[in-house]
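# Geometric and topological summary
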Amino acid sequence: MSGNPSWNPSQYLRFGTERLQPAIDLINRLDHPAPHRVVDLGCGAGNALPILAARFPGAEVMGVDGSAAMLAKAAANGFRTEQADIANWQPEEKVDVIFSNAALQWLPDHVGLFPRLLSCLAPGGILAVQMPAMDDTPARHMQAQVASQGPWAADVAHVTRVQPVAAPAVYYGLLRPLAARLELWVTEYMHQLKGPDPVMEWFKGSSLQPYLDAMREEHRPAFLAAYAEAVRPHYPALADGVTLLPFRRLFLIAETHR
Ligand SMILES: C[S@@+](CC[C@H](N)C(=O)[O-])C[C@H]1O[C@@H](n2cnc3c(N)ncnc32)[C@H](O)[C@@H]1O
């Protein structure tokens with residue numbers, strides 16, 4: 001598996017509403033007359049699957065993910081699932097819609113991956129992707145910084161970090177020559193988080209996970225506390241206790257030729 005951390009569905013879903021909104025926004029922009037096969041790549045716990053099924057009632061909607069723990073939740077809701085590494089996933093038959101929310105940033109080699117995914121589509125098919133574009137933010141910088149300082153530093157030195165998502169122009173260059181239509185846009189969400197150290201809690205369910213996996217269990221509480229302290233000044237709680245987390249996300253929709 002290409003650097004896939006051990007996913008914890010309950011920690012990830014702690015901010016389920018905020019994490020689902022970009023998927024809803026992307027699904028609302030999907031335009032396919034009558035897809036037969038719709039795949040959610042990196043479907044996780046399958047939260048987007050019912051929304052995709054409602055958007056395309058005639059389609060077979062299935063989820064693909066590398067994590068058995070995440071897929072168990074998706075399968076429990078009655079959806080077909082497949083455990084696979086997206087890096088070498090191939091559909092048995094061409095697919096009409098490949099949807100992927102907050103997953104492909106975990107994979108290396110976007111130069112190879114994105115054109116390959118396009119080649120898995122039937123004529124007139126759609127590749128629809130959302131990826132966090134958070135590399136240049138205090139939340140991410142502090143992850144690397146805190147990871148490199150402390151008794152856990154040696155254990156996490158070789159952790160595969162979340163891929164820096166490339167600039168929109170890179171995806172344009174990769175997909176425009178191959179697609180009949182390409183849309184690219186960036187949205188910065190202002191997540192309103194509650195509770196103590198919500199920024200640490202948010203990333204504990206996503207990009208901090210590879211560090212937590214790599215370090216000894218007894219180091220985890222001190223690592224999380226150090227990260228919480230490092231990000232606190234950058235994301236202060238407001239008067240009513242809410243912490244705003246600005247979260248930038250890159251969206252793309254590519255449609256293949258008919
Ligand atoms: C941040 S979660 C997003 C889950 C879901 N798409 C959602 O929006 O709730 C990322 C998911 O990508 C999956 N993933 C990451 N790398 C993967 C890979 N190489 N192959 C398959 N799944 C992968 C993880 O297991 C995880 O469930």
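In this text the structure is predicted, and so the values were computed from the model without any measurement.

The rules behind these values
- Residues numbered from 1 in each chain as written.
- Predicted model: local features only at pLDDT ≥ 70, side-chain atom pairs only at ≥ 80, totals over all residues.
- Heavy atoms only, no water.
- Pairing = 2+ DSSP bridges.
- Helix = DSSP H or I, 4+ residues; strand = E, 2+ residues; numbered from the N terminus.
- Axes fitted to C-alpha atoms, helices over the stretch in contact; angles between N-to-C directions.
- Buried < 20%, exposed > 50% of the residue type's maximum accessible area, 1.4 Å probe, protein only.
- Arc of directions from axis to C-beta.
- Core = buried A, V, L, I, M, F, W, Y, C linked by side-chain atoms within 4.5 Å.
- Contact = heavy atoms within 4.5 Å.
- Right-handed = clockwise from strand over helix to strand, strands pointing away.
- Salt bridge = Lys/Arg side-chain N within 4 Å of Asp/Glu carboxyl O.

## What to know about the sheet that holds strand E2 (residues 60-65)
Sheet strands line up and pair through hydrogen bonds in the backbone, either parallel or antiparallel. Sheet architecture is open: seven strands sit in the order E3-E2-E1-E4-E5-E7-E6, paired in mixed fashion. Pairing within the sheet leaves two strands with one partner each, and these edge strands are strand E3 (80-83) and strand E6 (181-193). Along the sheet, successive strands turn relative to each other by an average axial angle of 20°, direction set aside. Here E2 runs beside E3; their pairing, made up of four bridges, is parallel.

## A look at helix H8 (residues 168-175)
For H8, the complete set of buried residues consists of Tyr171, Leu174 and Leu175. Here the buried residues of H8 occupy an arc of 80° about the axis, which is enough to place them on one side.

## With respect to the nonpolar core
Trp89, Leu104, Phe114 and Leu127 are the most contacted members of the largest nonpolar core, which has 29 residues in total. Counting residues per element, the ones that place at least two in this core are strand E1 (37-41), E2, strand E4 (95-101), helix H5 (110-119), strand E5 (121-132), H8 and strand E7 (243-255). With residues up to four places along the chain from it excluded, the contact list for Trp89 reads Val39, Leu41, Val64, Glu82, Ala84, Val95, Ile98, Arg116, Leu117 and Cys120. Formed by 26 residues, the second largest nonpolar core is a distinct cluster that contains Phe203, Tyr211, Tyr227 and Val231.

## Some thoughts on the pairing of E2
Counting buried positions along E2 yields five of six residues, so the element is predominantly enclosed. With five bridges connecting them, E1 and E2 associate as parallel partners. Across the sheet, the residue bridging to Leu41 is Val64, located in E2. Crossover handedness for the path E1 to helix H3 (residues 49-55) to E2: right-handed. In the classification by handedness, the crossover that spans E2, the intervening helix H4 (residues 68-76) and the parallel E3 is right-handed.

## Some points on the environment of Phe79
As for its placement among the helices and strands, Phe79 is situated in the loop between H4 and E3. Looking at Phe79, the relative accessible area reads 18%, which means it is buried. Linking Phe79 and Leu49, residues 30 residues apart in sequence, is a C-alpha distance of 7.5 Å. Residues in contact with Phe79, not counting those within four places in the same chain, are Leu49, Pro50, Ala53, Val61 and Ala74.

## With respect to the pattern of salt bridges
Taken as a whole and judged by the stated rule, the model has 10 salt bridges. The partner of Glu60 in a salt bridge is Arg80, and the shortest N-O contact between them spans 2.8 Å. Within this pair, whereas Glu60 is found in strand E2, its partner Arg80 is found in strand E3, the two being separated by 20 residues in sequence. Owing to a relative accessible area of 36%, Glu60 belongs among the partly exposed residues under this scheme. On the accessibility criterion, Arg80 (44% relative accessible area) is partly exposed. Linked by salt bridges that have partners in common, Arg29, Arg181, Glu183, Glu255 and Arg258 make up one network.

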